Amino acid sequence: MSQEACLSPTRISTRTIVPVLESVGVGSSFHKLRLGGTAIARAARPGQFVHVLPHILRSGALHDPLLRRAFSIMATSSSTPTTARSTAASSSLKIVDEEEWFEILFRVGGRGTTLLAQARAGEELDVLGPLGNGFGLEAVAQPQAQRPLLLVGGGVGVPPMIFAAQFAAQTAALRLADVSRETLAPQHPQAQEFAVEAFVGARCAAELVGVTALRLAGARVSVATDDGSVGQRGLVTAPLLQRLRELKGRASGAVEPLVCTCGPWPMLKAVAQLCAEQDVECRVSLEENMPCGVGVCNGCVVPLLNTPDDYGRYGRICVHGPVLDARTVDWGDAQASPPGVASPPGVASPPGGASPPGGAQHPTPEHSPNGSWTGAMHSEK
Ligand SMILES: Cc1cc2nc3c(=O)[nH]c(=O)nc-3n(C[C@H](O)[C@H](O)[C@H](O)COP(=O)(O)OP(=O)(O)OC[C@H]3O[C@@H](n4cnc5c(N)ncnc54)[C@H](O)[C@@H]3O)c2cc1C
Ligand code: FES
């Protein structure tokens, strides 16, 4: 892999037993967990993920299910604007790591996520993280750079966009505070010199998540739903294209925007193509099935144009990603799916669709034609 594809190659990750501080359903099909964990909360950067054993430790079922589930970090105690914090900190729980936390948001679908949604405050989970390379926003979120940040999230790709918006707003505010020697909240008008815009796509209103959190982080949010039940009808790429054209049409010398995106493969492919056409840098977070999460099983490979090592034309996104420069990914010609996902009738397998080295084709979540996760996953035996 080329160096530029590894956006934040330095990472610290640990295996930790963390307390559940808050466990709440979100809408009809999502669930949010707030987990205590100072080391993870402090080290996490937007785009990184945690790998969570999906059984609650008190249950005694330590090896069933065997495999961890990957979830993007949605927020940490330090990234979250105070207005968005909820009640856990004032609850009567006496847990050592209570003061610093991180959150994940997931669609409840398969066996693991169903179990995780049953976790209750005071119970404990086994978590590995933070893992992977993030969006590398540290250098971007500088007030003097004034580089517009366009965040594009679809379905369960929205959580890392929330962290990105919060981190960018806060980093910009802190840098401004350094300069001006006064403390600025992320919502302060000066902090808005660093503009964050978010484009959120979903199938319908019931599937829409994260809009309020993005707004609280100071982002200007555009929503698109397939059925038009909220926001603009159609795909999220339409408002994105319109905005990119506006930004590209500004006076010469303006700083180039940066697009960061996470969601299902078809949406990522469309966003990557659109950015390539507009000559805009795009960083994509790929969400493949991740059996081991630490680079040993080859279960998470995607085809890349610049190959990182001796894995032929594949990269393992648990270690080389999940965030990659969109130009380094081989998006293939097929409409819907990365290798390992059954192509819909009439759609050819992408060029990288042959079995990756070291393993058979791995199962991956199904994607709906509009690109949302369906939640219909393969089960472990
Ligand atoms: C970096 C990253 C970030 C993600 N972030 C989010 C997020 O923020 N929110 C969200 O909702 N989803 C996210 N996902 C997707 C999430 O990991 C899956 O939705 C989740 O694993 C589904 O688990 P389940 O228990 O519902 O499904 P199940 O079908 O029970 O399990 C699917 C998981 O089990 C494993 N698995 C099952 N069978 C096999 C097999 N035969 N061989 C190999 N592995 C197998 C895989 O690891 C797979 O991930 C993310 C994925 C990645 C890679
Ligand atoms: S999940 Fe095992 S190599 Fe990436």
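Conventions and cut-offs
- Residues numbered from 1 in each chain as written.
- Chains lettered and ligands numbered in written order.
- Predicted model: local features only at pLDDT ≥ 70, side-chain atom pairs only at ≥ 80, totals over all residues.
- Heavy atoms only, no water.
- Helix = DSSP H or I, 4+ residues; strand = E, 2+ residues; numbered from the N terminus.
- Buried < 20%, exposed > 50% of the residue type's maximum accessible area, 1.4 Å probe, protein only.
- Pairing = 2+ DSSP bridges.
- Phe/Tyr/Trp six-rings, centres within 6.5 Å; stacked < 30°, edge-to-face > 60°.
- Lys NZ or Arg CZ within 6 Å of the ring centre and 35° of its normal.
- pLDDT = per-residue confidence, 0-100.
- Contact = heavy atoms within 4.5 Å.
- Salt bridge = Lys/Arg side-chain N within 4 Å of Asp/Glu carboxyl O.
- Axes fitted to C-alpha atoms, helices over the stretch in contact; angles between N-to-C directions.

A. Representation of unusual backbone geometry within the structure. In this model, Gly-129 is joined to Pro-130 through a cis peptide bond whose omega is 0°. Tracing the chain through its elements places Pro-130 in strand β7 (residues 124–131). With an omega of 5°, the peptide bond running from Gly-321 to Pro-322 counts as cis. In this structure, Pro-322 sits in the loop between α7 (317–320) and β16 (323–325). You will see that Asp-279, though not glycine, has its phi angle at about 60°, which is positive. Mapping Asp-279 onto the fold places it in the loop between α6 (265–278) and β13 (281–285). In this model, Asn-298 sits at a positive phi of 65°, which is unusual for a non-glycine residue.

B. The arrangement of the pairing of strand β6 (residues 101–107) in detail. Counting buried positions over the 7 residues of β6 gives 7, a clear majority of the element. Because side chains alternate across β6, one face comprises the buried residues Trp-101, Glu-103, Leu-105 and Arg-107, and the other comprises Phe-102, Ile-104 and Phe-106, equally buried. Where strand β5 (residues 75–76) and β6 come together, 2 bridges link them in antiparallel fashion. From the neighbouring strand, Thr-76 faces β6, where its bridge partner is Phe-102.

C. Quick look at the packing of aromatic side chains. On inspection of all chains with the given rule, the structure shows 2 aromatic pairs. Consider the rings of Phe-71 and Phe-106, whose centres lie 5.1 Å apart with planes at 40°: the pair is tilted. In this pair, Phe-71 is assigned in strand β4 (residues 69–72) and Phe-106 in strand β6, connecting sequence segments 35 residues apart. Each member of the pair, Phe-71 as well as Phe-106, is classed as buried. Where Trp-265 meets Trp-331, the ring centres are 4.9 Å apart and the plane angle is 50°; that geometry is what we call tilted. Here the residue Trp-265 occupies a position in helix α6, and Trp-331 occupies one in the segment after β16, the gap between them amounting to 66 residues. Across this residue pair, the class does not change: Trp-265 and Trp-331 are buried. The lysine or arginine in question, Arg-34, covers the ring of Trp-101, its NZ or CZ lying 3.6 Å from the ring centre.

D. Up close: the confidence of the model for the protein chain. Of all residues in the protein chain, 67% have pLDDT values of 70 or greater, and the mean over the chain is 76. Segment residues 86–97 is flagged for pLDDT under 50; beyond a separation of four residues in sequence, or across chains, it makes 21 contacts in the model. Note that residues 176–186 has pLDDT below 50 and, in this model, 18 contacts with residues that lie over four places away or in other chains.

E. Expanded view of the pattern of salt bridges. Throughout the structure, instances matching the rule amount to 15 salt bridges. Between Arg-283 and Glu-281 there is a salt bridge; the shortest N-O distance is 2.9 Å. Using a relative accessible area of 10% as the deciding quantity, one classes Arg-283 as buried. Between Arg-327 and Asp-325 there is a salt bridge, and its shortest N-O distance comes to 2.5 Å.

F. Expanded view of the sheet that holds strand β8 (residues 149–154). Taken together, the 7 strands give an open sheet; going across it, the order is β11-β10-β9-β8-β12-β13-β16, and neighbouring strands pair in mixed fashion. In the strand order of this sheet, the two ends are held by β11 (232–233) and β16, each with one partner. One ladder, built from 2 bridges, connects strand β10 (residues 220–225) with β11; its direction is parallel. The residue of β11 that forms the bridge with Ala-224 is Gln-232. Sitting on the sheet, helix α5 (residues 237–248) touches β8, β9 (196–202), β10, β11 and β12 (258–262), and the angle it makes with β8 is about 170°. Lying on the sheet, α6 is in contact with β8, β12 and β13; it crosses β12 at an angle near 170°.

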